[in-house]
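Take a look at the letters that make up each chain.
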Amino acid sequence: MKIVFSLGGSILAPDEIDPSFLEEVAEFLRELTQRHKVYVVVGGGKIARKYQQAARKLDASDELLDWLGIYATRLNALLLSSAIGKRANRQIPQTVAEAIAQAKSKEIVVMGGTDPKHSTDAVAAQLAETVGADLLINASNIDGVYNKDPKKFSDATLIEEMSADELLTLVEGIPQSPGNYALMDKMAVESIIRSKVKTIILHGHDLENLKDVINGESFTGTVIN
C-alpha cells in the first residue's frame, strides 16, 4: 500500500522532545517499508505555538504566523528524518511535487508544511490525493472524532465511522486560524472528498493501535469514508 501519515507535532514534540519515543516512531516507519510505500507529513506542535504566541504579541500578520508554523513543521520533519536514517530523505521538501520526486530514491519521504492558509493535514491530504494513496492516517493527540468535545463533556462518545461530507460539515463549524486548526482544516477534508482516500483519525502515541489499522485489525479511532 501507499500510506500517508499526517503526524501531529503534539506527538513528536509535545512539552519536551522524547528521543526514545522518536526512535520508536522511526523504527515503526522503517518496518513499514518492508511492505508499504510511506510518506509522513509532520506538524509543528508546541514549538510552532510558542513562536506564534510571541508573534501575536508583536502584532504579526496571519501570514507571518503561518510561516512561523511552517518552519517549525520543517524543523520537526528534519528531526524525524534524522531519526529514521538513510531510508528517509534528509533534504526536507517544500512542496508536494518535491516530495514525490524524492520518493523515487527514498523509501520514506518526510516533510512539513508548504504554504500559508492551511495546515499540514491539508498537505498530507493533497499528497495522498496526488500519489493515489491507499490510506491516509491522521495521527495526533486525540483518539478520533467525538460527538461532542470530550474535554468538556464526560459523556462524549467516539464516532467509529462517518462520511467525509459529515466531517466537512463539522470542521466548517469550528473557527480556524494560524496554529488553531481543530481536528482538520477545510482544505484537507475537501481533498479527501475528491480523492475518496480511506482516512483514519486516531491517537498517534499508540503505535500498536497504528499497527492494527495497517494490518486490518480492530483498532480505536474514526474511519472517514
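Up top you'll find the structure we're talking about.
Here goes a summary of the coordinates provided. (Residues numbered from 1 in each chain as written. Predicted model: local features only at pLDDT ≥ 70, side-chain atom pairs only at ≥ 80, totals over all residues. Heavy atoms only, no water.)

1. Re empty space enclosed by the protein
Then, number 1: All chains considered together, the criterion is met by one cavity of 30 Å³ or more.
Then, number 2: The space that makes up the largest cavity amounts to roughly 70 Å³.
Then, number 3: Residue lining of the largest cavity: Phe5, Leu7, Phe21, Val25, Phe28, Leu29, Val40, Ala139, Gly204, Leu207 and Leu210, and that is the complete set.
Then, number 4: Elements with a contribution of two residues or more to the lining of the largest cavity: strand S1 (2-7), helix H2 (19-32) and helix H9 (207-214).
Then, number 5: Ranked by the residues each element gives to the lining of the largest cavity, the list is headed by H2, at four residues.
Then, number 6: In the lining of the largest cavity, the residues fall into ten nonpolar, one polar and no charged. (1 Å grid on protein atoms, 1.4 Å probe; cavity = no way out; pocket = protein on both sides within 12 Å on 5 of 7 lines; lining within 4 Å. Points joined across faces, edges and corners; volume = space filled by probe spheres on them. Helix = DSSP H or I, 4+ residues; strand = E, 2+ residues; numbered from the N terminus. Nonpolar A, V, L, I, M, F, W, Y, C, P; charged D, E, K, R; others polar.)

2. Looking at the pairing of strand S8 (residues 198-203)
Put simply, side chains in a regular strand alternate between the two faces of the sheet.
Then, number 1: As paired elements, strand S4 (residues 135-140) and S8 share six bridges and run parallel to each other. Of the residues in S8, the one forming a bridge with Ser140 is His203.
Then, number 2: Summarising the sheet, S8 and strand S9 (residues 222-224) pair through three bridges and their orientation is antiparallel. Residue pairing for S9: Ile200 is matched across the bridge by Val223. (Pairing = 2+ DSSP bridges.)

3. Here we look at the sheet that holds strand S3 (residues 108-111)
Then, number 1: Spatially, S3-S2-S1-S4-S8-S9-S7 is the arrangement adopted by the seven strands of the open sheet, whose pairing is mixed. Strands with a single pairing partner mark the edges of an open sheet, and in this sheet they are S3 and strand S7 (161-162).
Then, number 2: Bridge count between S7 and S9: two bridges; the pairing is parallel. For Met162, the partnering residue across the bridge sits in S9 and is Ile224.

4. As for H9
Then, number 1: Among the residues making up H9, those that are buried are Leu207, Asn209, Leu210, Val213 and Ile214. Each buried residue of H9 sits inside an arc of 155° when the element is viewed along its axis, so together they form one side.
Then, number 2: Looking at where H9 begins, the residue whose side-chain oxygen comes 3.3 Å from the main-chain nitrogen of Glu208 is Asp206.
Then, number 3: Of the residues one or two after H9, Gly216 is the one with positive phi, at around 75°. (Buried < 20%, exposed > 50% of the residue type's maximum accessible area, 1.4 Å probe, protein only. Arc of directions from axis to C-beta. Polar contact = N/O pair within 3.5 Å; in protein donor to acceptor, adjacent residues only side chain to side chain.)

5. Points about the packing of aromatic side chains
Then, number 1: Summed over all chains, the structure comprises two aromatic pairs.
Then, number 2: Ring centres of Phe5 and Phe28 lie 6.1 Å apart, and the angle between their planes is 75°; on these two criteria the pair is classed as edge-to-face. With a gap of 23 residues between them, Phe5 in strand S1 and Phe28 in helix H2 connect regions that are remote in the sequence.
Then, number 3: Here Phe28 falls in the buried class, since its relative accessible area comes to 4%.
Then, number 4: An angle of 35° between the planes, with centres 5.9 Å apart, marks the rings of Trp67 and Tyr71 as tilted. A residue pair is termed a helical-turn pair when its members lie 3 or 4 positions apart in one helix, as Trp67 and Tyr71 do in helix H4 (residues 62-84) at four residues.
Then, number 5: We classify Trp67 as partly exposed; its relative accessible area is 26%. (Phe/Tyr/Trp six-rings, centres within 6.5 Å; stacked < 30°, edge-to-face > 60°.)

6. A few points about the side chain of Ser191
Then, number 1: Along the chain, Ser191 turns up in helix H8 (residues 186-195).
Then, number 2: A polar contact of 3.1 Å, which involves the side chain of Ser191, links it to the backbone oxygen of Ala125.
Then, number 3: When near neighbours in sequence (up to four residues on either side) are disregarded, Ser191 contacts Ala125, Gln126 and Glu129. (Contact = heavy atoms within 4.5 Å.)

7. Some thoughts on the packing of helix H7 (residues 164-172) against H8
Then, number 1: At their nearest, the axes of H7 and H8 sit 9 Å apart, and the two run at 170° to each other. Here H8 runs roughly antiparallel to H7, going by the angle between their axes. Along this stretch, H7 crosses H8, giving a crossing that reads as left-handed. Across the interface between the two elements, Ala164, Asp165, Leu167, Leu168, Val171 and Glu172 from H7 touch Lys186, Val189, Glu190, Ile192 and Ile193 from H8.
Then, number 2: Taken together, the residues of the contact of H7 with H8 break down into seven nonpolar, no polar and four charged. (Axes fitted to C-alpha atoms, helices over the stretch in contact; angles between N-to-C directions. Parallel < 35°, antiparallel > 145°, perpendicular 65-115°, else oblique. Left-handed = near helix turned anticlockwise from the far one by under 90°.)

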